[in-house]
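Chain by chain, the residues:
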Amino acid sequence: GGRAPDPYIAMIAFATMASFEVLMPIAGAFQYLGQTVTSARRLNEIIHADPEVTFVEQSNALPAHFSMELSDVTFGYDPSVPVVKNINLSVEQGQKIAIVGQTGSGKSTLLQLATRIWDPQLGSVSIGGKDLTQWNESALRRSTSVISQRVDILNGTLRDNLTIALPDAEDTQLIDALVQVGLSKLNEDKGLDTWLGEGGRQLSGGEKRRIGIARAILRRSPIVLMDEPTEGLDKQTEQQMVALFDKHFSDKTMIFITHRLVGLDTMDKICLMEQGEFIETGSHAELIEKKERYYQLCQTL
């Protein structure tokens, strides 16, 4: 009969097999290493790149009035392809301006220039008579509130979701803001300790927008910028939102960006934007009387 295999030989065989199994995940990791190195390199490039916009260091006193001026503004994400062209817009303190246009007309880009996410390639943007490049960042952010269709709800309490707008707010101020936007029912049961977000109370689209308005009320910024704030809401909720804007931001400098022709008769001025340019400007009544492009759009509703 044959000799039984030496236990050491068996052990070496198993050890060899085991070591290949151990190496298999490492071999897999090597396949991804190239991608990881490339990603890390790109991340480093981004981190070490100069930011698109740099702010002045010195702190600013806030201006006496909060007008906004865009003078001959031209901007393109690729400078050779302008998204907005030769835009002139003057908004006096307390004025309400609507910028109306289809998706892709350049109207949201104007808001990004007004909040200095980008600087225009040509022309200038100023608030209170001072070019945005001369503002420090915290003063500029204190001056403006943005209300958009996207309202981020933190995974936290109702209080957490409101105090991000005004960190040292008293509970009475928070509750008052909720009442003003018609969300007093959120203050029932656990009140400001109600948990929102994941695992907490899920908010409807309309409720989220109201939280966004409550935040803007708490911030008390003299300028309110609105980016499609009623997008995706039913007609009734949309009308309620527009009524809230009229009520709570009546003394603010306001730019309202929309492609929906709702509530525009209360605006001081409407700028109709197409392909990066203002093609018609005037009040709702003036533009209807002209019977041109704005009038035609209103007829299609």
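This text follows the structure it describes.
All figures in this text were calculated on a predicted structure; none of them were measured in a lab.

Enquirer: Any chance you could explain the layout of surface pockets here in plain terms?
Expert: Empty space among the atoms becomes visible once a probe the size of a water molecule is rolled across them. As a volume, the largest pocket reaches approximately 500 Å³. Lining the largest pocket we find 21 residues, and of these Ser145, Val146, Ile147, Ser148 and Arg219 sit closest to its centre. No other element matches the five residues that strand β6 (residues 144-148) contributes to the lining of the largest pocket.

Enquirer: Looking at this structure, I do not really get the packing of helix α5 (residues 171-180) against helix α6 (residues 205-219). What am I missing?
Expert: Two measures define how a pair of helices packs: the angle their axes make with one another and the distance between the axes. Between α5 and α6, the least distance of the axes is 9 Å, while the angle of their chain directions is 130°. Taken together, the axes of α5 and α6 are oblique relative to one another. Relative to α6, the crossing made by α5 is right-handed. The segment α5 lies against α6, with Gln173, Leu174, Ala177 and Gln180 engaging Ala214, Ile217 and Leu218. In terms of residue class, the contact of α5 with α6 is built from five nonpolar, two polar and no charged.

Enquirer: Would you mind showing me how to read unusual backbone geometry here?
Expert: The general pattern is negative phi for most residues beyond glycine and trans for most peptide bonds. Positive phi, normally seen in glycine, also occurs at Asp189, with a value near 55°. Mapping Asp189 onto the fold places it in the loop between α5 and α6. A relative accessible area of 83% means that Asp189 is categorised as exposed. Although it is not a glycine, Gln275 sits at a positive phi angle of roughly 50°. Locating Gln275 in the fold gives a position in the loop between β9 (269-274) and β10 (277-282).

Enquirer: When you look at α5 in this model, what are you seeing that I'm missing?
Expert: Because an α-helix completes one turn every 3.6 residues, residues spaced three or four positions apart along the sequence face the same direction. Every buried residue belonging to α5 is among Leu174, Ala177 and Leu178, and all of these are buried. End-on view of α5: buried residues confined to an arc of 100°, all on one side of the axis. The first or second residue beyond α5 is Gly182, which carries a positive phi of 75°.

Enquirer: Quick question: what am I supposed to make of the sheet that holds strand β7 (residues 223-227) here?
Expert: Each strand in a sheet pairs with its neighbour through backbone hydrogen bonds, running either in the same direction (parallel) or in the opposite one (antiparallel). With respect to topology, six strands assemble into an open sheet ordered β6-β7-β8-β3-β9-β10, the strand pairing being mixed. Looking along the sheet, the strands with just one partner apiece sit at the ends: β6 and β10. Pairs of neighbouring strands in the sheet enclose a mean axial angle of 15°, with direction left out of account. For β7 and strand β8 (residues 253-258), the ladder comprises five bridges, and the chain directions are parallel. Residue pairing across strands places Val224 opposite Met254, the latter belonging to β8.

Enquirer: Got a minute to help me understand the sheet that holds strand β2 (residues 84-91) in this structure?
Expert: Here we have four strands laid out as an open sheet, ordered β2-β1-β4-β5, and antiparallel in their pairing. Here the strands that pair on one side only, and so sit at the sheet edges, are β2 and β5 (130-131). When strand β4 (residues 122-127) meets β5, the two strands line up antiparallel, connected through two bridges. Among the inter-strand pairings, Ile127 is bridged to a residue of β5, identified as Lys130. Of the strands in this sheet, β1 (68-75), β2 and β4 are in contact with helix α2 (residues 107-114), which crosses β1 at around 120°.

Enquirer: Can you help me understand the packing of α6 against helix α7 (residues 235-248) in this one?
Expert: α7 packs onto α6 with a crossing angle of 5° between their chain directions and a minimal axis gap of 11 Å. The angle between α6 and α7 places the two elements in the roughly parallel class. Here Gly206, Arg209, Arg210, Ile213 and Ile217 of α6 come into contact with α7, specifically with Thr237, Gln240, Met241, Leu244, Phe245 and His248. Taken together, the residues of the contact of α6 with α7 sort by class into five nonpolar, four polar and two charged.

Enquirer: It is not clear to me how the environment of Thr266 should be interpreted in this structure. Could you clarify?
Expert: Of note, Thr266 is situated in the loop between β8 and β9. For Thr266, a relative accessible area of 43% puts it in the partly exposed group. Distance in space between the C-alpha atoms of Thr266 and Asp246 is 8.1 Å, their sequence separation being 20 residues. One polar contact links the side chain of Thr266 to the main-chain carbonyl oxygen of Gly263, over a distance of 3.1 Å.

Rules and cut-offs
- Residues numbered from 1 in each chain as written.
- Predicted model: local features only at pLDDT ≥ 70, side-chain atom pairs only at ≥ 80, totals over all residues.
- Heavy atoms only, no water.
- 1 Å grid on protein atoms, 1.4 Å probe; cavity = no way out; pocket = protein on both sides within 12 Å on 5 of 7 lines; lining within 4 Å.
- Points joined across faces, edges and corners; volume = space filled by probe spheres on them.
- Helix = DSSP H or I, 4+ residues; strand = E, 2+ residues; numbered from the N terminus.
- Axes fitted to C-alpha atoms, helices over the stretch in contact; angles between N-to-C directions.
- Parallel < 35°, antiparallel > 145°, perpendicular 65-115°, else oblique.
- Left-handed = near helix turned anticlockwise from the far one by under 90°.
- Contact = heavy atoms within 4.5 Å.
- Nonpolar A, V, L, I, M, F, W, Y, C, P; charged D, E, K, R; others polar.
- Buried < 20%, exposed > 50% of the residue type's maximum accessible area, 1.4 Å probe, protein only.
- Arc of directions from axis to C-beta.
- Pairing = 2+ DSSP bridges.
- Polar contact = N/O pair within 3.5 Å; in protein donor to acceptor, adjacent residues only side chain to side chain.

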